[in-house]
Amino acid sequence: MNNVLFDLHYSALIKMQQLLKPPMPKEVQFTFRKSDSTQFRDTLKDVRMRGIYSIIIDTKPENLPNLLTAILQIQMNNYKYHYHFTTFDIEAHNLENFRYNFVNMTAYRMVDSEHLMVKQVLRDMEKFQSVGQSILNRSNLEPALMYDSVFALARGLQALERGAVLRPVNVSCEDENPWNDGSSLFNYVNAAEYRGLTGKIQFKEGRRSTLKLDLLKLRTEKLDKVGEWSTTSGLNISNHEAFHEFGTRNITLRVTTIETIPYVMLKAGNHTGNDRFEGFCIELLQAIANYLGFQYELYFVPDSKFGAENTSTGEWNGLVREIIDKNADLAVASMTINYARESVIDFTKPFMTLGIRILFKLPSTMPTRLFSFMSPLAIDIWLYVLAAYILVSSTMFIVARFSPYEWHNPHPCVAESDVMENQFSMANSFWFTIVTLMHQGCDLNPKATSTRIIGAIWWFFTLILISSYTANLAAFLTVERMITPIESVEDLASQSKISYGTLESGSTMTFFRDSRIETYQKMWRYMENRPNVFVGSYEEGVARVLQGNYAFLMESTMLDYMVQRNCNLTEVGGLLDSKGYGIATPIGSPWRDKISLAILDLQEKGVIQILYNRWWKSGATTCSRDEKGKETKANALGLENIGGVFVVLLTGLAVAIFTAIFEFCWSTKKNAYNQRQSLCSEMAEELRFAMKCRASRQRPALRRQCSKCIPGTTYVPNAMDMNTQENGVMQMLDIRKSASPVHFECGDCRHHT
Ligand code: GLU
C-alpha cells in the first residue's frame with residue numbers, strides 16, 4: 001500500500017475505532033504482517049494471539065475470498081474484531097457468512113451505485129455489455145475510472161473545439177515536436193467540472209482535486225453506507241448507530257470473576273458450570289443476562305486478584321488484566337471503578353456505592369470492677385471531698401464554739417441555770433457534715449448565722465457533688481464502655497502499635513498508593529515498608545483483625561456484611577472516600593451501554609435492592625447492631641458492678657461491731673476498776689443486763705438505779721463524780737463555767753453510783 005492509501009485507511013480506521021472504542025489509547029501500536037494467500041490462517045492466528053482486534057487488510061481482490069474463509073475457520077468473526085479493507089470493491093464479495101455475528105467490516109467504495117446519475121450511466125452502459133457488466137458487477141474499479149477519464153477528455157476536447165478550430169495533427173513519440181493545441185487541451189481538461197461515476201470530477205494542476213469515497217459497513221441486512229470521506233473534509237460518519245448495532249441473543253459471553261463473600265461464592269456440593277457459583281454478583285449477572293438475553297460462562301480469574309497496575313512495569317494483573325487481554329468479555333465482581341482502571345478498560349454504571357472504612361476488633365468490654373461505684377469521681381476528687389469534709393466539720397466545731405448563739409440552756413425553764421449546752425461537739429460536727437453529705441435527715445440544726453452559713457454552703461456543695469456523682473454513676477454503671485484505641489483514620493496514621501493494611505492489588509491499595517492527601521501518603525509509606533500487612537483475601541484480613549492489633553482498610557459494603565455477622569468486629573471512623581462497583585468490559589465493548597441501561601433499570605425497579613437485602617440483611621447469623629446497642633445502653637447492674645457498696649456496708653457494720661465491743665470492754669474495764677470487781681464478773685453482769693433490759697429504750701445506770709434517771713428529772717453529780725464520767729455524753733456537754741454542778745439527763749448517768 002502506498003503512503004497516501006495507508007493514510008487514507010489508517011485515518012479512517014482510527015476514526016472508526018474512536019466510535020467503537022472510546023477513548024483511544026494515547027499510543028497506537030502498529031504491527032505489519034505480510035502474508036501470501038496460503039498463509040492467511042497462520043497470520044490470523046498470530047494476530048489473534050497478540051490480542052490485535054483492529055486490522056487493516058490490504059490485499060488483491062482475488063485473494064479476498066481466501067482471507068474471508070480463513071477468518072471464518074479460525075473464528076475471528078465476532079463483534080470484537082474490526083476488519084477494514086483497502087479494496088474499493090468490497091461490494092463484489094460474498095459477505096453472507098459475516099452478516100449475523102456482528103463482526104465489524106468496513107471499506108470504501110468509489111462508485112455510488114444508488115446515485116441517480118450513476119444508475120442512468122450504468123443502464124446506458126449495459127448496452128455495451130462487456131464494460132457495463134464489469135462495472136455493474138463492481139468487480140473492478142477501473143472501468144468506472146476509465147469512464148470518468150474519457151469523459152474528462154471529451155469535455156476538454158469539446159471546450160477546445162468551442163474556442164478554436166481543432167486541428168488534429170500527427171504527433172510522433174520519436175521527435176520532439178509538440179502538438180500546438182496540446183497545452184490548450186490540457187487547460188480545458190483541467191477546467192472540466194462535472195459529476196462522474198466516481199463522484200465529482202475536478203482538477204487542479206492536472207490532478208484530480210476532489211475525491212469522495214463512501215464508507216461502507218457490513219450490517220445484518222447488507223453493506224450500508226455509513227459515512228463519506230472527501231479530500232476537503234476528511235471522514236464524516238453519518239450513521240453512528242451502525243457501529244453499536246449488535247444483537248444479544250444467542251451470544252455466550254465469557255465472564256471472569258473473583259471469589260468474595262457475599263458477591264461471588266462457591267456452592268457447597270457437586271455442581272458444574274455456572275451452577276457452581278452463588279452470591280449477589282451472580283444473581284445480578286443472571287438478572288442482566290435475562291434482561292439482555294445473552295448466555296454466559298463464568299470462570300475465576302487465575303491470579304485471584306482484582307487488579308492493580310505495577311508502577312514500574314506498567315503491567316496490570318487480576319480481573320483488569322483479563323479484560324485488557326480480552327480473555328473475558330465481562331468482569332462481574334465487587335470491582336471498584338477508579339481512574340486508573342477506567343483508562344484501560346470500560347466500566348458500566350455503578351450498581352453499588354461504597355467507600356473505604358476501617359475494620360477493627362471490638363474492644364473487649366472493660367472488666368467489671370467491684371468498686372466501680374467509685375469510678376464516677378476521680379480519685380483526687382474523692383480525696384478533696386474527704387479533705388473538705390474534715391475542714392467543714394472542724395470549721396463547724398470551731399465556729400459553733402465561738403458563736404454565743406450556739407450555746408443554749410438545755411432547761412429553758414430554769415432560767416438561772418449555769419449549764420449551757422453546745423450541740424456541735426467535735427463528734428456532732430463531723431456527724432452533721434456526713435449526714436448532710438449523704439442527704440439524710442439530722443436532728444442537729446445550726447442556730448447561729450455563722451454556723452448556718454457553713455451549713456448552707458455545705459449543703460450546696462453536697463447538692464452539686466451528689467447530683468454530679470449520681471449522673472455520672474448512671475453512665476458508668478449502666479453503659480458498657482467501649483474503649484477503642486483508634487477512633488479515626490488519623491488516629492491510625494499517627495500510631496504504630498496497631499498495624500494496618502489492605503487487600504493486595506485491590507483498589508483500596510491503589511487508593512493509598514495514588515493519594516495526594518498527607519495522612520494517606522503517610523499510611524502508604526507505612527504499608528509499603530511492611531508487605532506483610534497486605535492480605536490475599538478478605539477472609540484473611542478479617543481473621544487478622546480478629547487476632548487483634550490489626551486494622552483492615554476495606555470497602556464499606558463488605559465491612560457491613562462482616563460486622564453484621566461477627567459481633568466481635570466493628571467499624572471505626574467514617575468513609576474515607578466515595579465510589580462505586582461496576583461491571584468491567586474491554587474498551588469499546590458494545591456491551592457496556594447495554595449493561596449500563598440494564599443496571600439502571602434494575603436499580604429503578606428495586607431488583608438490586610432486593611438482591612442486596614437478600615445477601616446482606618437475611619441470614620440467621622446476623623448480629624444485630626441495634627440490639628447490641630440497646631444492650632449496651634440498658635445493662636442490668638450485676639453484683640460485679642455495685643458489689644463494692646455491699647462490701648463497704650459490711651465493712652462498716654464490722655467496724656461498728658468491733659467498736660461496740662471495744663466500747664463495751666473499755667467501759668467494763670473502767671467499771672470493774674471503779675467497783676473493784678473482777679473484769680469477768682463485771683462483763684458478765686453487763687451482758688446479763690443488756691440481755692434483760694432489751695425492751696427498754698433508755699438504759700438505766702449500771703447500778704440498776706433507774707429510778708434516779710426517770711426522764712425529766714435532773715441529776716446533778718458532785719464534782720468528784722465528774723472525774724468518773726467516761727461516757728460519750730460527757731463529751732457533748734461543755735462546762736462553760738468550770739464550777740460544778742454539771743447537768744445530766746437520764747441515760748447519761750449510767751455510771752453514777
Ligand atoms: N473492590 C476492590 C477492587 O476492585 C477490592 C477490595 C479492596 O481493595 O478493598 O479492587
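Structure: see above.
Below is a short write-up of the structure.

Reading the values: rules and limits
- Residues numbered from 1 in each chain as written.
- Predicted model: local features only at pLDDT ≥ 70, side-chain atom pairs only at ≥ 80, totals over all residues.
- Heavy atoms only, no water.
- Axes fitted to C-alpha atoms, helices over the stretch in contact; angles between N-to-C directions.
- Helix = DSSP H or I, 4+ residues; strand = E, 2+ residues; numbered from the N terminus.
- Parallel < 35°, antiparallel > 145°, perpendicular 65-115°, else oblique.
- Left-handed = near helix turned anticlockwise from the far one by under 90°.
- Contact = heavy atoms within 4.5 Å.
- Nonpolar A, V, L, I, M, F, W, Y, C, P; charged D, E, K, R; others polar.
- Polar contact = N/O pair within 3.5 Å; in protein donor to acceptor, adjacent residues only side chain to side chain.
- Pairing = 2+ DSSP bridges.
- Phe/Tyr/Trp six-rings, centres within 6.5 Å; stacked < 30°, edge-to-face > 60°.
- Buried < 20%, exposed > 50% of the residue type's maximum accessible area, 1.4 Å probe, protein only.
- Lys NZ or Arg CZ within 6 Å of the ring centre and 35° of its normal.
- Patch = residues over 30% accessible without salt bridge, like charges linked within 9 Å, V, L, I, M, F, W, Y side chains within 5 Å.
- Areas by Shrake-Rupley, 256 points an atom, 1.4 Å probe, with all protein chains shown as cover.
- Salt bridge = Lys/Arg side-chain N within 4 Å of Asp/Glu carboxyl O.
- Near = heavy atom within 4 Å.

## Remarks on the packing of helix H8 (residues 280-292) against helix H20 (residues 607-617)
Axis separation between H8 and H20 bottoms out at 10 Å; the angle between their running directions is 155°. The angle between the axes of H8 and H20 places the two elements in the roughly antiparallel class. The handedness of the crossing between H8 and H20 is right-handed. Within the contact between the two elements, H8 uses Phe280, Glu283 and Leu284 and H20 uses Ile608, Leu611, Tyr612, Arg614, Trp615 and Trp616. Tallied by class, residues from the contact of H8 with H20 come to 7 nonpolar, no polar and 2 charged.

## Considerations on the environment of lysine 225
Within the secondary structure, lysine 225 is located in strand E8 (residues 223-230). Between the alpha carbons of lysine 225 and aspartate 214 there is a distance of 6.3 Å; along the sequence they are 11 residues apart. Each residue touching lysine 225, except ones within four places of it in the same chain, is listed here: Arg109, Lys212, Asp214, Leu215 and Leu216. Engagement of the side chain of lysine 225 in a polar contact is seen with the side chain of aspartate 214, the distance being 3.4 Å.

## Focus on the sheet that holds strand E7 (residues 212-218)
In space, the 6 strands of this open sheet follow the order E1-E2-E3-E7-E8-E9, with mixed pairing throughout. Two strands close off the open sheet at either side, each with one partner strand: strand E1 (54-57) and strand E9 (234-237). In this sheet, neighbouring strand axes are inclined to one another by 25° on average, regardless of whether the strands run parallel or antiparallel. As paired strands, E8 and E9 are joined by 4 bridges and run antiparallel to one another. Looking across to E9, one finds that glycine 227 is bridged to isoleucine 237.

## Things to note about the packing of aromatic side chains
Each aromatic ring pair is summarised here by two numbers: the centre-to-centre distance and the angle between the ring planes. Scanning all chains against the criterion turns up 28 aromatic pairs. Plain terms: the ring middles of phenylalanine 424 and phenylalanine 432 are 5.5 Å apart, the flat faces sit at 85° to each other, and that makes the pair edge-to-face. According to the relative accessible area criterion, phenylalanine 432 is buried, its value standing at 1%. Residues phenylalanine 511 and phenylalanine 512 carry aromatic rings whose centres are separated by 5.2 Å and whose planes lie at 90° to one another, so their mutual orientation is edge-to-face. Considered together, phenylalanine 511 and phenylalanine 512 belong to a single accessibility category, that of buried residues. Three or more aromatic residues joined by ring pairs form one cluster here, namely Tyr263, Phe280, Phe351, Tyr561, Tyr581, Tyr612 and Trp616. Sitting above the plane of the tyrosine 53 ring, lysine 326 keeps its charged end 4.0 Å from the centroid. Positioned above the aromatic ring of tyrosine 550, the side-chain terminus of arginine 544 is 4.3 Å from the ring centre.

## Overview of a nonpolar patch on the surface
A contiguous nonpolar patch, built from Leu370, Phe371, Met374, Ile379, Leu383, Leu386, Ile390, Val647 and Val648 and spanning about 770 Å² of accessible area, is present on the exposed surface. Among the elements of the structure, helix H11 (379-402) and helix H22 (639-675) are those that each provide at least two residues to the nonpolar patch. Looking at the nonpolar patch element by element, the count peaks at 4 residues for H11. Of note, isoleucine 390 is situated in helix H11.

## As for the site of the ligand
In the vicinity of the ligand, the contacting residues are Phe306, Ser334, Met335, Thr336, Arg341, Leu503, Gly506, Ser507, Thr508, Tyr538, Glu555 and Tyr581. Within the backbone of serine 507, a nitrogen or oxygen atom sits 2.8 Å from an oxygen atom of the ligand. Glutamate 555 places a side-chain nitrogen or oxygen 2.7 Å from a nitrogen atom of the ligand. Expressed as a share of its isolated accessible area of 290 Å², the protein-covered part of the ligand is 100%. Residue classes in the shell around the ligand are distributed as 5 nonpolar, 5 polar and 2 charged.

Everything listed is a geometric property; what it means functionally is a separate question.
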